[in-house]
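# Survey of secondary and tertiary structure
The lines below spell out each chain.
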Amino acid sequence: MGRAEAPCALIVMGVSGSGKSTVAKALGERLGWRFEDGDSFHPASNVEKMRAGHPLTDEDRWPWLNAIADEIARVCGRGEHVIIACSALKHTYRDVLLRGRDDVRFVFLKGTKELIAERLAQRKGHFMPPGLLASQFETLEPPEPGEHVITVSIDETVEAIVDGIVRQLKLGGATPKVLP
């Protein structure tokens, strides 16, 4: 297997509690790419709505998704790389994020509702309450092969998940990058 050309952006996606931020951050460290948490692009009204236990509507999500897509366009336009943790639960959301680009890849973190519920129950200090997990799974439209996606199971260590992503992206060796 040869080395593939690196996409300018990776979007690590999945339901809340699947490990998007943890995996994306570790992947960024491995590749030497900047990490952005998609949650930081939410307007305050979305955060408050979720904190209050109310699921977001599509109308709530459009400004958030467009802000992330704008950041991807800026980064790619500068010839840089970014990894963004973003739920990207529906096909239409992923279409907004891609904006027709073929230099962006999705990494789908796939796990069972039971495993993710267990992780959410242990998580502290996050605005997304565990009670909204059911709505996340109801909204989830798993990505299809034509959506520039690789799928990985979250039933592994973070290091093993990152190794698998790097292997599937064919970006070279899956050994940790030594930073200066």
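Residues numbered from 1 in each chain as written. Predicted model: local features only at pLDDT ≥ 70, side-chain atom pairs only at ≥ 80, totals over all residues. Heavy atoms only, no water.

### A closer look at the pattern of salt bridges
Two side chains that carry opposite charge are able to pair once their charged atoms sit near each other. Rules: Criterion for a salt bridge: a side-chain nitrogen of Lys or Arg within 4 Å of a carboxyl oxygen of Asp or Glu. Strands are runs of DSSP state E lasting at least 2 residues, helices are runs of H or I lasting at least 4, and numbering of each runs from the N terminus. The rule is simple: take the accessible area with a 1.4 Å probe, protein chains only, and divide by the maximum for that residue type; under 20% is buried, over 50% is exposed, in between is partly exposed.
Counted by the stated rule, this structure contains twelve salt bridges. As a salt-bridge pair, Lys 49 and Asp 60 come within 2.6 Å of each other at their nearest N and O atoms. Placement of the pair is Lys 49 in helix H2 (residues 44-51) and Asp 60 in helix H3 (residues 58-77), with a sequence separation of eleven residues. The class for Lys 49 is partly exposed, based on a relative accessible area of 26%.

### Some details on helix H5 (residues 113-122)
Filter applied, for reference: This arc corresponds to the set of directions leading from the helix axis out to the C-beta atoms. Throughout, a residue-residue contact means that at least one pair of heavy atoms, one from each residue, lies within 4.5 Å.
If you check which residues of H5 are buried, you get Leu 115, Ile 116 and Leu 120. The arc that holds the buried residues of H5, viewed along the axis, is 135°, so those residues lie on one side. Among the exposed residues of H5, those oriented more than 90 degrees off its buried face are Glu 114, Ala 121 and Gln 122. On its buried side, H5 packs onto helix H6 (133-139).

### Considerations on the sheet that holds strand E5 (residues 149-153)
By definition, the strands of a sheet pair up through backbone hydrogen bonds, in either a parallel or an antiparallel sense. This is how it is decided: Should DSSP find at least two bridges between two strands, the strands are regarded as paired. Between N-to-C directions, angles cover 0 to 180 degrees, with each direction set by a line fitted to C-alpha atoms, over the stretch in contact for helices.
Spatially, five strands are ordered E2-E3-E1-E4-E5 in an open sheet, and the strand pairing comes out parallel. Two strands bound the open sheet, and with one partner strand each, they are strand E2 (34-37) and E5. Here the average twist between neighbouring strands, direction ignored, is 20°. Where strand E1 (residues 9-13) meets strand E3 (residues 82-85), four bridges bridge the pair, whose relative direction is parallel. Bridging from a neighbouring strand, Val 12 pairs with Ala 85 of E3.

### What about the nonpolar core?
How we decide: Among buried residues, those of type Ala, Val, Leu, Ile, Met, Phe, Trp, Tyr and Cys that are joined through side-chain atoms within 4.5 Å constitute a nonpolar core.
Judged by nonpolar contacts, the single largest core of 50 residues is most densely connected at Cys 86 and Ile 165. Here the element with the most residues in this core is H3; it accounts for six residues. Leave out the neighbours within four places in its chain, and Ile 165 touches Val 23, Leu 27, Val 107, Ile 150 and Val 152.

### Things to note about the packing of aromatic side chains
Which entries qualify depends on this criterion: Stacked, tilted and edge-to-face are the three classes applied to pairs of Phe, Tyr and Trp rings, where Trp contributes its six-membered ring and a pair requires centres within 6.5 Å; stacked means planes under 30 degrees apart, edge-to-face means over 60, and tilted covers the rest.
Tallying each qualifying case throughout the model produces one aromatic pair. For the ring pair Trp 62 and Tyr 93, a centre distance of 5.7 Å and an interplane angle of 80° mean the geometry is edge-to-face. Of this pair, Trp 62 sits in helix H3 while Tyr 93 sits in helix H4 (residues 91-98), and the two are 31 residues apart along the sequence. Classification of Trp 62 as partly exposed rests on a relative accessible area of 25%.

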